[in-house]
Structures are given as structure tokens and as C-alpha cells.
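For reference, the chains in residue letters:
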Amino acid sequence: MGLSGLEIFKQLPKTNCKECGYPTCLAFAMALANGKASLDACPDVTEEAKEALSSASAPPIKMVKVGTGDRVIEMGDETEIFRHDKRFNHPTAVTVEVKDTDDLEARLAVINDLIFERVGQEYTVDMIALVNASGDAGKFKAAAETVKEKTEKNVVLVSEDAGAMEVALDVLADRKPLVYAANKDNFEKMTELAKSKECPLVVKGDDLNSLAELVDKIVALGYKELVLDPGSRETSKVLADLTQIRRLAVRKKFRTFGYQTIAFTSKDDPQEDLMQAGVYLSKYASIVVLKTDKKEHLLPLFSWRANLFTDPQKPAQVQPGLHPIGDADENSPVYCTTNFSLSFYLVEGEVSSTRIPSYILSVDTKGTSVLTAYADNRYTAESIAAAIKSTGLEDKVKNKNIVIPGLVAVLKGALEDESGWDVTVGPREASGITKFAKEKFA
Amino acid sequence: MIIIGERINGMFRDIAKAIREKDPTAVQEWARKQEAMGSGYLDINVGPAVSDRVSAMRWLCEVAQEASKLPLCLDSTDYDAIEAGLEVCKQPAMINSVPAVQEKMDRVFQMASKYNAEVIGLAMNEEGIPKDAESRVALAMELVANCDAHGIPISNLYIDPLVLPCNVGQDHGPEVMETLRQIKLLSDPPPKTVVGLSNISQGTKDRDLINRIFAVMAMANGLDAAIADGCDEELIAAVATARIILNMDIYCDSYVDVFKNQNL
Amino acid sequence: MAVEIMKEKYRSQVREVVLGATKDEGGTRSTTIKVGGESTLPFLHFEGAVPNRPVVAMEVWDVFPEEWPQNLKDAFGDVLNDPAAWAKKCVDEFGADLIALRFKGADPDVNDASAEDCIAVLKNVLEAVGVPLIVYGCGKLEKDNAIIGPIGEAAEGENLLLGVAEQENYKSVASAAMAYKHSVIAQSPIDINIAKQLNILISEMSTPLLDRIVIDPTIAALGYGIEYSYSIMERARFGALNGDRMLGMPMIGNVGHEVWSKKETFIPVDEEPGWGDQAERSLAWESVTAMALLQAGMNILVMRHPQAVKLIKQNIDELMQDNSY
């Protein structure tokens, strides 16, 4: 990310000495902004200015990693306020809270077992947050040992007591856990601990101002592997704080807030917990710590995350192949579309609402829509005929009739030749399927 | 691109007459007409019609605001006249204009700060209009630095790279385009850019064609505003289309109408 | 250290639309509802006004909703055969801000109910509850075009929110709204350009209708393309705040309708052990879908499960708390 002429100019000595080869400092600043000159050409630039200029060209939100090896989780490094402007890069780490007063073995067994499969994707809980609820350093350490033994998940160690943190961190340092948290009272000790073990550190403020102050102090101690917690816990306030942090980092390049964020839910009811986690996940939290470990609550949250973090510039795909709708049998109609998720879901919705059991054949078009795929030679008589064969459709239905989208009516003849099936030209838009089906198949 | 409707100017006979006779009819008709066709500002220029520019400017501003809710762009080299206009403006106005000449910048930016006004800065100084982009941008930078020094948001500054007629200053064309691009690197947020559109076609044969082609080319290079004929249907259609292609407005089939009707 | 809070300055705001009409205003509603009017992105009270909270409409059908999953039907007890009692329960017990009456029975393949049949149901519901009403046809164009005029006429002055005007079929609904003083749902198929064009087409019939349009951008359910709806809504709202008057209408989403046909809401846990309890999961699917849409700027959520409604209303309560600095 380039710096503007004015930003650079403000850091220059304004002597207009001409030694850089430009008539004025302003002209030199413009040359720098255009990448046509190097700052080294200025004889009087201060070290401070050099530092300010080089850090201002760093990415707006620093990437921070938790964990090691295959299990490492990368967070931060975001550049957008709206996903449609480019994309959100790193999915929020969904983190379940456990306490050192819980029956840890049982809870970890449950959490380890949380593996979800939906539309061909697998999700698991990214991290556990081990809370020093007992307030006892010994118990926290013992709990850390149980965690080490019973789960391979990444860990957030939650204690604002530096003594407790030290003993637990001794146990788990190899896992590179996230240390939670440095506050205004303990930050020197916490920073030293995190630094010595090379673990990322959460900075917890009481509000945005105190957070900024604390971040600057910790950076001054020479540590930058940071995660921010503005300290708010009410839904609306957290939304505002996370929005401010993201905006200030991305739009204003405010270095103090150029880190990822963590948000904790504050609800006891698991459904309310889920709603709050959903808000924080939608609006910019890199890590969400919630309490529920029930599949029925986490599945919707993971699904929302998968949707939100889909790259809008890459078409979303569904599994190509044959999809039965209702109790489809050998007499059911067959509709053919692409594996672009939106096309598929529209067709699926319309076909379901005909209440006639049917098949949808989704041809692999690499997630492109009917017309795009047709133009790209991915949705052709050959590819459709191949899909009819590879899915074994010929053995599943007797009538050997397939409905193609009205937009590619032109494929009818070629597909009949290629596949030996009868081809019916369907409506141009999915919304016409109900009427079409009523006339043809009811 | 925002159109600053140029029609309320004492250079035109009907406006000159209106000013002399203190008859607001023509002024208000043009104010309404330009607003109805999508202009974003009304340029107000007393022109050569009268000797008392201060009171003429005040009167024009008052009667224009009775007919239109658009903000005004006070166009004069007489800063007392501009200040008189600023005093009666009901909403933040635009000052048109100031060159990169220190004592003038001091006066204008002070006024802008006092009246919360926007400023058009000209990429020229005592020595005139430079030819190459680099010199134009250097003057723009001086305007930016002075604007910033007065605590005025840079996004309230419109830089005019200064356009010469394409039949006499053809070699300025590419330099103007380059200047428009580079101005966006001056600061973050960057200053805005503006041109006096019809300058490009002075003394040529097909003025409207040249104006609108220049408008869309300049837009592609980052132009934000133009002082132009806000009632030129084809210009407006071209600008509306360029805005769609540059993803500045959301497309719909009737986008030209939407652009025209934005003030309704 | 004082952080310089970043507040965006927008040129414009969302139009405010009033739903329902009281006796003084020519209707019979005991309350009216205002939606829209915000001058910032969702719930950013620190930089702009959010004068009206998002509202929740609960769906009521003119026929028994056979196809709903059992746990959804169970949540209503024995009122599902009686639209008036059903509506009353939604308002009195479940806190519905308004009722979305869907004439499923008008579908030629269901009961082929006539306009008169629908009007009778509408009158009963209007009598049973004091909140404003949204009215949907059966979803079959020809039939809906035939019944919407008489329905609009029978409820003249009530300022119903009439569904749905589409690009290829907007005149009958818009005419009914114009003639009998109702508002209109303008529905576009997950396409922001059509959403905008449709508003222009409607406004060409009657400019004052511009302030009586609610946009239905067509939402998809969680897991079924909701991100498209989310981004279209964010773009539309951002455009509206930046002065695009033809996208500056409040938005409505048919959440219950989209969600409750998806398999996540009805597959029992023994078929998908990895998905957890069906009853809890199904209502979470509805409430999380609604939660996400709220974050993109939704103003009216049309929902089904009382518990999901309760959760989203709680979420709205929390999000409406001031967060100024």
C-alpha cells in the first residue's frame, strides 16, 4: 500500500536543500509517492521519520498465528470493510470456552468429537479457551496438563493473573497458545511471558482509548504479536468497537489498532450465546469465544462463517452429480443445471415446490452459471451427456427425458444426438419451473 | 462526476440584464432548470455586467437560493465579492477559485475555514499555467499543503489542472490526464478534481462533441466535477454512462433518468 | 490517549415507510409501524440515526400448514386451523410486530380459494389483531393478479403491505396499492439492478408510491447462498446512504419461507448425527439466518418459529442500545 505525497511530505525536513535532486521537498515527496525516488536521497531525514514511513506501508492489519505445524491458525491480514469490495481473508476462529473447574476430560471429549459435514465441507472447532475460573494457579496448571494430554486443539489461556499464566504457559508453550490477557496492571509481566515463549498476546482495554494506550506501551516493550480486546461485552457496544478497530486500521492506517480482534459472548442461554457470536463473527472479530458446545448450535454458526468468508470473486459451487428431490424414482422428471450454487439452489427451490419428486443433474461447470458455462464450453452437449453417463442416470430413470434450461435451447439437437435421450427445453428462468412442471409432469 | 451548472453567469445576456434590472426571473429559471437536470452545484458569476461586484454577488446568491436547494459555487477573482456571497449562503458553498499564490491562498483558505466552504484550487501561479504534468502536480501539492495547514479536510479541496482549448494547446491534453491521475496520490483522502469543461472546445467547430468526450476521458482519469452546461442532454447521458462504467452508480435500465432526476 | 473515532458522513438516508393505518388515518389498526429512516449502516448509532427498530412479522396462512415440520407446528398448539386465532396468538403471546398473511389456499393446486374467500379470512384477521398486516398471495402469478385487486379494495385505507410486485408483473399490485392506499413489496431475484429498475417502474406509475415501497431483495437461507443476498443488501444500503434514491427503501426478507424448506430444519438427528438435535437446530437455522440479514440492513423479517422470533427480538433489543462514544 503506497503512501500519499502529503503523508511523506510531513515527514520530510522541509529544508528545500535540493540535494535529493528535486527543487523542493514537496517535489521530492511526490517523486517518493510515485515510487520514482528513494528516501535515502534525503540527507536530513530523521530515523523517526524513516520508521514512520516504513511502518505506514505495512499491511493495515497484521497477521498473527496461533498454534504450530498443521494446526496453525492464521488470523488478521484483513483489508476490507465490506466483503463485496474484495474478500474477507481469514475465517473467524470459532473457539469454545472451558473452565478449569469443569469436568475437563468429559468436555474435551465432546469438543474433540465436534466434526461437522455439510455440502462437502468439514468443520471443527478451531480452538478452546481454557478459563482460570478457579482463580487458583495450581488448578489452572493441572487443567493445562489435561488439555495437553486430551486434545490437540489450539488453546487460548484465559487468566489475568500473571502467576497462573506463567505456570500454565510452561505446560503448553510448545503449542503456541494465545495468551489472554495483558491489562493495565499486569501488562509488563504478561508481555515478558508472551515474548519469552514467543506466544501471541491479547491486549485487553477498558475501552478503545485505554486499549490504544496499552497497545502502544506493549509495542514500546518490543512486542507486536498482538490481538485486541476492547473490553466491551454488550452486543451493541462490541459491534461498535469492532467496527471502529477495523475502520481505523483499514481506512486510517492507525497502526495502534492494526491487529486482529477477539470477542467473548456473555450469555448463558446457548441460543442467545449463538446469536451474539453470530453478530461478532459478521462484524470483524477474528476470534469468537462462545460457551455452547452443542452441534445444533455450532452447525449454523459454521455455515454462516463458510458463507460470509466465501470469496465473492470466485463462484460458489455445489457438489456436481445427481441430486434427488423428494422420493425420486424411475418415473421422475430430470432437470439439468450447472453446479453454480446460486443456479442450483434456485432450481432446487423451484423443483421442490412443484412437489413432484424429481432429479436435478448438476453438471460440473466449475461453479459458473448456465450462460457463462455455455460460453466457456463447460456446459455443452458433450459435458451433459457425460454427466448422464457418469451418474448412472440411465439405470435410474425409465423415460430417458431430460429438461435443459431455456437459455440453452440451442443444445437440444446436439444433446439428443450425443446422449440418445429426449431433450425438453425448460423455462428460461428457474421461476418458470412450477408452471412448466404442472403442464408437463403433473 | 458532479456537474457545476455554469449558466448563471453575467457573461450571458439574460443574466447580465437580470443583474442590472434586479429582476430575478432569468436567474431563478436557470437555477430550477439546472437543478432539475441533475446539476450538483450552481456556479454563480456576476460577470462583467456591473461595477459593484460585491452587491451583485450577494443578490445573485440570494435569489438563486430562493429557487433551488443546490449549494452554490461562487465564481469570482474578487474575494470581497466571494465573501459577500459566503455570508448569505444557507449551506456550505464552494469558492471558485484560488491559484497557488501564497497571499491569495492565505486569504481564501482562511475564508473557507471560517465559512466551512469548499475550495477550487488552480494548478497555476504568478508564472502562469505550466505545461507538463509534473509542474502542475507540484502546484497542486502546494495547494494541498496550504489547505491542510488551515485544518481544512483535503476532501473539501477541488484541484483544477487547467484545460486549454484543444485547437491551440493540443499538447496539454495528455498532461491534464496525467495530472488528474497524480493528484489522487497527493494525500489520503486525496483532493477532488474539477475542470472548466467548455475550455477544451473554445473556438472549435463541434463544441458539444468535444466537451462530452473530454468529460468521460477525464472521468476515467479520476475527474470528480466539472463546471459545464448542465442542460446539455447528451453530456448528461454521457456522464451518467461513464458513472455506470466506472462503478460509481448501481446499474439499472433507466440509469440516465435516475442520474438526471437525482435532485427531484 | 484519545482515539479519534471514525464517523462516516453519508449524503442521504433510507426512506421511512409507514405500515398500517389507524382509525384517524382511514384504517382500523390500533398501532402503525414505521420502518427505515436510518442514516447509517446497521446499528452504528455512534455515527447516525437509527430511528426505527427492525420489526418481525409472523406468518399466518389461510390453510393448515401441512408441510411444516412437526416441531414448528407444535409450537403453535391448536390454532393453525384458524387464521384469526393464529394471528392473535402470534401478536399476544409471541410478540409479533405485524402479521404476514399468506393466501396459500388461493393456489389452484391447493384449495383454489376465491377472492371472496381470501377477503373473509383477511377481515377476520384484521378484526382479531390491531397490528398492521402484510399480505402475500399464493405465489402463482395469474391467480395472485386476479385476487390482489379485490383484496386491496376490501381493505381500502388499511395501508396493508401488499406482496409482491416483480419486474415482469408489477402493475396489478402497484395499481391496488395506488387505488386503495396500501404499500408495496417490490421483489427482485437476488439482483440489485432489477431491484433498482423495479422501483423506477413503480414510481413511473405513481411518484408518491416511492415512499410506500419496501424492497424484497429475495433472500436465501443460511447455507443456501445467503452471502449473495447479504452482499446485495450491503451494496444497496451503502448506495442508498450515498444518495441513490431508487435503492433507498427499507428492505423485507421472507426468512421463514426460505429456511423451513431446507433440510437442516427437518432432517432428524438419527439421519444426520453430526448435525445435532433437529428441534433446536431448525429454529437456530431461522434465527441465525435472520441475525445475518439484520447485519446487512434488513428492516422487516418475516418469520415462523416463536422461539426464533423471541431470539431475534432480543438480538434487536440489544443492537438498538446506544453505542455512541
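In this text, all values refer to a predicted model and were calculated from it rather than measured experimentally. (Residues numbered from 1 in each chain as written. Chains lettered and ligands numbered in written order. Predicted model: local features only at pLDDT ≥ 70, side-chain atom pairs only at ≥ 80, totals over all residues. Heavy atoms only, no water.)

Further remarks concern the overall build of chain A. Helix and strand counts for chain A stand at 17 helices and 17 strands. When the backbone C-alpha atoms are referred to their principal axes, chain A occupies close to 80 × 70 × 35 Å. The buried share of chain A, taken over its 442 residues, is 55%. When contacts within chain A are restricted to residue pairs at least 6 apart in sequence, those whose partners lie at least 24 apart make up 65%. By element, 46% of the accessible surface of chain A is carried by carbon and sulfur atoms, the whole surface being about 18000 Å². Separation between the mean location of the 55 positive side-chain charges and that of the 66 negative ones in chain A comes to 4 Å. (Helix = DSSP H or I, 4+ residues; strand = E, 2+ residues; numbered from the N terminus. Buried < 20%, exposed > 50% of the residue type's maximum accessible area, 1.4 Å probe, protein only. Contact = heavy atoms within 4.5 Å. Areas by Shrake-Rupley, 256 points an atom, 1.4 Å probe, with all protein chains shown as cover. Lys, Arg positive; Asp, Glu negative; His and termini not counted. Charge placed at Lys NZ, Arg CZ, Asp CG, Glu CD.)

The next thing to look at is the interface of chain A and chain B. Every contact between the two is made by 13 residues of chain A and, on the other side, 12 residues of chain B. Here chain A packs against chain B, burying approximately 1000 Å² in sum over the two surfaces, 65% of which is carbon and sulfur. When the buried area of chain A at its contact with chain B is split by residue, L6, L26 and M30 of chain A rank highest and sum to 50% of it. Our enumeration of links across chain A and chain B arrives at 2 salt bridges. The residue K253 of chain A makes a salt bridge to D188 of chain B at a minimum N-O spacing of 3.4 Å. Counting across the chain A and chain B interface gives 5 residue pairs in polar contact (both at pLDDT 80 or more). Elements that contribute at least two residues to the side of chain A that touches chain B include exactly α1 (5-11) and α2 (25-33) of chain A. (Buried area = accessible area lost by both parts, 1.4 Å probe. Salt bridge = Lys/Arg side-chain N within 4 Å of Asp/Glu carboxyl O. Polar contact = N/O pair within 3.5 Å; in protein donor to acceptor, adjacent residues only side chain to side chain.)

To continue, consider a nonpolar patch on the surface. Residues and elements named next belong to chain A. Judged by side-chain polarity, L371, Y374 and V410 come together as a nonpolar surface patch covering roughly 280 Å² of accessible area. Tracing the chain through its elements places Y374 in helix α13 (residues 370-375). For Y374, a relative accessible area of 32% corresponds to the partly exposed category. (Patch = residues over 30% accessible without salt bridge, like charges linked within 9 Å, V, L, I, M, F, W, Y side chains within 5 Å.)

Turning our attention to the domain arrangement of chain A. Along its sequence, chain A is carved into domain 1 (5-57), domain 2 (64-308) and domain 3 (321-440). Here the C-alpha centre of domain 3 of chain A lies 45 Å away from the C-alpha centre of domain 2 of chain A. (Domains from an automatic or database assignment.)

Before going further, it helps to spend a moment on the packing of aromatic side chains. Throughout the structure, instances matching the rule amount to 22 aromatic pairs over all chains. Relative to F302 of chain A, the ring of F116 of chain A lies with its centre 5.3 Å away and its plane at 45°, an arrangement referred to as tilted. Residue F116 of chain A is located in strand β4 (residues 115-118), and its partner F302 of chain A is located in helix α11 (residues 295-308); the two are separated by 186 residues in the primary sequence. Side by side, F116 of chain A and F302 of chain A carry an identical accessibility label, which is buried. Sitting above the plane of the F88 of chain A ring, R246 of chain A keeps its charged end 5.7 Å from the centroid. Across from the ring centre of F12 of chain B, 4.0 Å away, lies the NZ or CZ of R7 of chain B, which sits over that ring. (Phe/Tyr/Trp six-rings, centres within 6.5 Å; stacked < 30°, edge-to-face > 60°. Lys NZ or Arg CZ within 6 Å of the ring centre and 35° of its normal.)

Let us now look at the interface of chain C and chain A. Accessible area lost during the coming together of the parts is what is often quoted as the interface size. Contacts between the two partners involve 61 residues from chain C, matched on the other side by 57 residues from chain A. Surface buried jointly by chain C and chain A totals about 5100 Å² across both partners, of which 61% is contributed by carbon and sulfur atoms. Put simply, D109 of chain C and K438 of chain A hold a salt bridge, and the shortest N to O gap is 3.9 Å. If you look at where chain C meets chain A, you find 22 residue pairs in polar contact (both at pLDDT 80 or more). Listing elements by their share of the side of chain C that touches chain A, those giving two or more residues are α7 (226-241), α10 (278-295) and α11 (306-319) of chain C. In terms of residue count, the dominant contributor to the side of chain C that touches chain A is α10 of chain C (10 residues). Per-class residue counts for the side of chain C that touches chain A are 30 nonpolar, 13 polar and 18 charged. (Nonpolar A, V, L, I, M, F, W, Y, C, P; charged D, E, K, R; others polar.)

Residue and element names in this part refer to chain B. Running from N to C, helix α7 (residues 172-183) and helix α8 (residues 207-220) point in directions that differ by 35°, and their axes come no closer than 9 Å. Listed contacts from α8 to V176, M177 and L180 of α7 are F214, M217 and A218. For the contact of α7 with α8, the class distribution of residues is 6 nonpolar, no polar and no charged. (Axes fitted to C-alpha atoms, helices over the stretch in contact; angles between N-to-C directions.)

A few words on the sheet that holds strand β2 (residues 41-44) of chain B. All names here are of chain B. Strands sit in the order β1-β2-β3-β4-β5-β6-β7-β8 around a closed barrel of 8 strands; the barrel is parallel. In this sheet, adjacent strand axes meet at a mean angle of 30° when their direction is disregarded. Sheet topology places strand β4 (residues 94-99) next to strand β5 (residues 118-122); 5 bridges connect them, and they run parallel. Along β5, the bridge assignment pairs P99 with L122. Seen against the sheet, helix α5 (residues 102-115) touches β4, β5 and β6 (157-160) and runs at an angle of roughly 165° to β4. Of the strands in this sheet, β4, β5 and β6 touch helix α6 (residues 133-149), which is tilted by about 165° from β6. (Pairing = 2+ DSSP bridges.)

This next bit is on the pattern of salt bridges. Residue and element names in this part refer to chain A. Counting across every chain of the model gives 54 salt bridges over all chains. The residue K150 makes a salt bridge to E105 at a minimum N-O spacing of 3.8 Å. On the criterion of sequence distance, the pair formed by K150 in helix α5 (residues 137-150) and E105 in helix α4 (residues 104-112) is long-range, its members being 45 residues apart. Among the residues examined, K150 registers a relative accessible area of 33% and is labelled partly exposed. In this structure E105 comes out as partly exposed when scored by relative accessible area, which is 46%. Residue K150 is joined to E149 by a salt bridge in which the shortest nitrogen-to-oxygen separation is 3.9 Å. When its relative accessible area of 63% is taken as the criterion, E149 is described as exposed.

Residue and element names in this part refer to chain B. As far as domains go, chain B holds domain 1 (1-91), domain 2 (119-208 + 217-228) and domain 3 (232-264). With centres defined by C-alpha atoms, the gap from domain 1 to domain 2 works out at 23 Å. Summing the contributions of domain 1 and of domain 2, the shared interface buries around 820 Å²; its carbon and sulfur component is 63%. Together, M1, I4 and E6 form the three largest contributors to the area buried by domain 1 at its contact with domain 2, with a combined 66%. Connecting domain 1 to domain 2 are 0 salt bridges. Connecting domain 1 to domain 2 are 5 residue pairs in polar contact (both at pLDDT 80 or more). When contributions to the side of domain 1 that touches domain 2 are tallied by element, the ones reaching two or more residues are β1 (2-5) and β2. No other element matches β1, which puts 4 residues into the side of domain 1 that touches domain 2. When its residues are assigned to classes, the side of domain 1 that touches domain 2 shows 6 nonpolar, 1 polar and 2 charged.

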